[in-house]
Number of protein chains: 2
Amino acid sequence: MKLLTDKIEREGIVLGNNVLKVDSFINHQMDPQLMNEIGLEFARRFKDAGVTRILTIESSGIAPAIMAGLAMNVPVIFARKRKSLTLTSDLYTSTVYSFTKQESNEITVSKKYLLKEDRVLIIDDFLANGQAAIGLADLVEQAGAEVSGIGILIEKSFQPGADEILKKGYRLESLARIASLQDGKVKFAADREVQSIYSGGY
Amino acid sequence: MKLLTDKIEREGIVLGNNVLKVDSFINHQMDPQLMNEIGLEFARRFKDAGVTRILTIESSGIAPAIMAGLAMNVPVIFARKRKSLTLTSDLYTSTVYSFTKQESNEITVSKKYLLKEDRVLIIDDFLANGQAAIGLADLVEQAGAEVSGIGILIEKSFQPGADEILKKGYRLESLARIASLQDGKVKFAADREVQSIYSGGY
């Protein structure tokens, strides 16, 4: 998505060879017009997926998810993160390990808002090791619902998350794919669909 | 705002005499069309306030804030909550006590995204004791910026937050005002502007 890759080129800050900071428009400060366009783009990409509900995770997933929900006219749920698990029968819970923070969090969603008839679009800001997306998919499957797709703003394609997700058979749409952050520079990968047509990307 | 008070009447759940649960459309599951209308309503109410930036707090404030940002065409920042304060020179921090959770949290915002020229609209989902809103206003004032108003989805008018905020001289716009939750029933108060015209509400 050109609007997003342009913004990353202009405002993204590369730290080391692994970290891309997008605090000025996604993670702390947010650009509402960009978020709206992102919502419309997800609606376009998943228009044939029969989505009935969107699931994201607090906090940075909420803005793009609510915009996608507006464009697709479906309710949006955000999973909550919490340190430790107190068992409660009205919640689906899954464990997500954060490589960045080196800690495990429980993520939870109320059973009331994920029904077995649901076709759920999962949205998150970043895909790196895939732990959050896989945890969210786990919540959907605990409900007996279907994951109709996973929509990501920024995929770090040089980390294993995208492959993990594709290996599990989920449909993955990433609006920006980062091939490398070596030498302080953002190098993008081609869109996955384009890549498959031209066999190999650039 | 009738759309919101109607929704509260239909879907809000009263617990005890103090708690209104709105998990089905604001706090956990979110209604994107309603959030969009809320954003438009804030834009309407604060159209003459010269707002240059919106500040909210994770997580439930993000959806209404991003919609208001879209309608007003200004960037949105969300303050982060964290348990303990590690001093860092690039953050404004304030302490917010939660009466519900009976704990203090630090809230923080990067100095990069609050400038002294800013006129800041603060948005949050609930106003009860006013701690979060006052903490957010404190961040704005640390930056030397101006609080151009505080926009709240649901004000519990029987708790002291609204009076505290008005006493400090801030402009407050609450889209739904709850006069009482006694006996498991939601009783609304009139809009503050209407109330002042007709001296005393209904």
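Residues numbered from 1 in each chain as written. Chains lettered and ligands numbered in written order. Predicted model: local features only at pLDDT ≥ 70, side-chain atom pairs only at ≥ 80, totals over all residues. Heavy atoms only, no water.

As recorded in an unreviewed UniProt entry, chain A goes by the name Xanthine phosphoribosyltransferase, listed as coming from Niallia taxi. Turning to chain A, the UniProt record has this under Pathway (unreviewed entry): "Purine metabolism; XMP biosynthesis via salvage pathway; XMP from xanthine: step 1/1." Check the Subunit (unreviewed entry) section of the UniProt entry for chain A; it says "Homodimer." (UniProt positions renumbered as here; feature names shortened; annotations may be inferred.)

(A) Structural detail: the overall build of chain A. Looking only at helices and strands, chain A features seven helices and eleven strands. Since a compact globule built from 202 residues should have a radius of gyration of about 17 Å, the 16 Å found for chain A is in line with a globular shape. Projected onto its principal axes, the C-alpha positions of chain A cover 50 × 40 × 35 Å. The 202 residues of chain A split such that 56% are buried. (Helix = DSSP H or I, 4+ residues; strand = E, 2+ residues; numbered from the N terminus. Rg over C-alpha atoms; globule rule 2.2 N^0.38 Å. Buried < 20%, exposed > 50% of the residue type's maximum accessible area, 1.4 Å probe, protein only.)

(B) Summary view of the nonpolar core. Counting 78 residues, the largest nonpolar core has Leu4(A), Ile54(A), Leu4(B), Ile54(B) and Ile154(B) as its most contacted members. When residues no more than four places from it in sequence are discounted, the contact partners of Ile154(B) are Leu4(B), Ile8(B), Leu20(B), Val22(B), Ile26(B), Asp125(B), Phe126(B), Leu127(B), Ala176(B) and Ile178(B). In this structure, Val109(A), Val120(A), Ala133(A) and Ala137(A) belong to the second largest nonpolar core, which totals 28 residues. (Core = buried A, V, L, I, M, F, W, Y, C linked by side-chain atoms within 4.5 Å. Contact = heavy atoms within 4.5 Å.)

(C) Region of interest: the interface of chain B and chain A. Tallying the contact residues gives 34 residues for chain B and 34 residues for chain A. The junction of chain B with chain A conceals about 2,800 Å² of combined surface from both sides, 62% of it contributed by carbon and sulfur atoms. The tally of links between chain B and chain A comes to zero salt bridges. Counting across the chain B and chain A interface gives 19 residue pairs in polar contact (both at pLDDT 80 or more). If you list the elements that add at least two residues to the side of chain B that touches chain A, you get helix H2 (23–27), strand S3 (29–30), helix H3 (32–45), helix H4 (62–72), strand S5 (76–82) and strand S7 (103–110) of chain B. The element best represented in the side of chain B that touches chain A is H4(B), accounting for six residues. Counted by class, the side of chain B that touches chain A contains 17 nonpolar, twelve polar and five charged residues. Looking at chain direction, strand S5 (residues 76–82) of chain A and S3(B) are connected through two bridges and run antiparallel. Each bridged residue has a counterpart across the sheet, and for Ile77(A) the counterpart in S3(B) is Gln29(B). (Buried area = accessible area lost by both parts, 1.4 Å probe. Salt bridge = Lys/Arg side-chain N within 4 Å of Asp/Glu carboxyl O. Polar contact = N/O pair within 3.5 Å; in protein donor to acceptor, adjacent residues only side chain to side chain. Nonpolar A, V, L, I, M, F, W, Y, C, P; charged D, E, K, R; others polar. Pairing = 2+ DSSP bridges.)

(D) Examining the packing of aromatic side chains more closely. All names here are of chain A. In this structure the tally under the stated criterion is four aromatic pairs over all chains. Ring centres 5.1 Å apart and planes at 85 degrees place the aromatic pair Tyr-97 and Phe-99 in the edge-to-face group. Accessibility expressed as a relative area gives 47% for Phe-99, which makes it partly exposed. (Phe/Tyr/Trp six-rings, centres within 6.5 Å; stacked < 30°, edge-to-face > 60°.)

(E) Representation of the relation of the copies chain B and chain A. When chain B is fitted to chain A, the residual RMSD is 0.0 Å, and the transformation amounts to a turn of 180 degrees plus an axial shift of 0.0 Å. Such a turn and shift between the copies fits a two-fold axis. Mapped onto chain A, 100% of the interface residues of chain B again fall at the interface, so both copies present the same surface. (Least-squares fit on C-alpha atoms with pLDDT ≥ 70 in both.)

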